[in-house]
Amino acid sequence: MSSKIKRNVLKSMIIGVLAYMGALGVPQPAQAEYADIVINNYADAAGMRPAVFPHWFHRIRFRCKVCHTDLGFAFKAGGNKITMAKIIDGKFCGACHNGEISWSVENCAMCHSGIPGQPTHFHGSTVQRLIAPAYKPLQTKDTTK
Ligand code: HEC
Ligand code: HEC
Ligand code: HEC
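Report on the accompanying structure. (Residues numbered from 1 in each chain as written. Chains lettered and ligands numbered in written order. Predicted model: local features only at pLDDT ≥ 70, side-chain atom pairs only at ≥ 80, totals over all residues. Heavy atoms only, no water.)

**Let's talk about the coordination of the iron atom of ligand 1**
On the protein side, the iron atom of ligand 1 has M84 (SD) and H112 (NE2) as donor atoms, found 2.0 to 2.2 Å from it. The exposure class of H112 is buried, given its relative accessible area of 16%. (Donors = N, O, S within 2.8 Å, 3.2 Å for Na, K, Ca; no water. Buried < 20%, exposed > 50% of the residue type's maximum accessible area, 1.4 Å probe, protein only.)

**Remarks on the side chain of N80**
Examined against the element boundaries, N80 turns out to sit in the loop between α3 (64–70) and α4 (84–88). With relative accessibility at 10%, the residue N80 sits in the buried group. When residues no more than four places from it in sequence are discounted, the contact partners of N80 are N41, G72, F73, A74 and F92. (Helix = DSSP H or I, 4+ residues; strand = E, 2+ residues; numbered from the N terminus. Contact = heavy atoms within 4.5 Å.)

**Digging into the coordination of the iron atom of ligand 3**
Protein coordination of the iron atom of ligand 3 is provided by H58 (NE2) and H97 (NE2), with donor distances spanning 2.0 Å. The exposure class assigned to H97 is buried, which follows from its relative accessible area of 14%.

**A closer look at the pattern of salt bridges**
Tallied over the entire structure, the rule returns two salt bridges. Among the ionic pairs, D70 bridges to K65, the shortest N-O distance being 3.5 Å. By relative accessible area, K65 is classed as partly exposed at 25%. Residues D89 and K91 are paired through a salt bridge, measuring 2.8 Å at the closest nitrogen-oxygen approach. Under the relative-accessibility criterion, K91 is labelled partly exposed at 41%. (Salt bridge = Lys/Arg side-chain N within 4 Å of Asp/Glu carboxyl O.)

Have a look at this one:
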């Protein structure tokens, strides 16, 4: 091997190692963000299937701030007292599921798709490992300004 080729091979190896280290340095995403949340504070008791909120599906469309600050969703599965009256009134899910930003509340089965009897929970919840400060950079990065 010529010394030039050797140098290039060495260079690309170093770049590879740096890239690998860089990847390790990136904060690991909280798995809860990718999961579905089954919300069942009232639905079952009212004879409806539990509501399912696909978190990741929404999270890739909106910044955390939209829901967890502006719309006031608590960072806790089942942590909000969500009723249909509030939704129809434009609160919680109803801020978007109003036939304008997204399809409207008439589509009961789109949200009420949980298995009857399933308690409020987070599929594959890693909530114990979630620490609020990890979200700060995402929440404060407001690109609309
Ligand atoms: C955009 C999502 C969504 C749609 C569409 C939706 N719901 Fe709900 N609904 C929820 C959520 C979330 C809750 C709270 C679940 C809980 O905590 O048990 C809820 C709760 C309920 C409850 C129990 C609380 C209450 O207000 O009495 C009933 C009954 C209910 N929904 C009926 C319906 C019916 C009937 C429709 C269709 C006309 C509908 N929902 C459409 C999301 C939705
Ligand atoms: C479209 C609205 C929306 C967006 C955007 C959103 N969330 Fe959520 N998030 C929710 C709802 C709804 C819940 C469940 C609340 C409930 O059950 O009452 C939730 C719950 C959570 C929870 C609690 C999980 C648990 O195990 O209890 C965490 C943590 C969370 N979100 C983090 C985030 C982060 C971080 C982002 C941005 C990367 C984000 N969310 C973006 C709506 C949203
Ligand atoms: C910030 C706006 C926003 C909020 C709040 C919101 N949604 Fe949505 N949701 C959307 C949009 C946008 C879509 C995509 C569908 C579309 O293009 O109309 C969607 C789609 C969905 C879907 C369909 C997912 C799929 O795979 O097609 C479900 C189910 C759903 N939402 C449930 C809920 C429930 C339950 C809540 C409240 C706990 C909620 N959403 C709150 C904006 C929102």
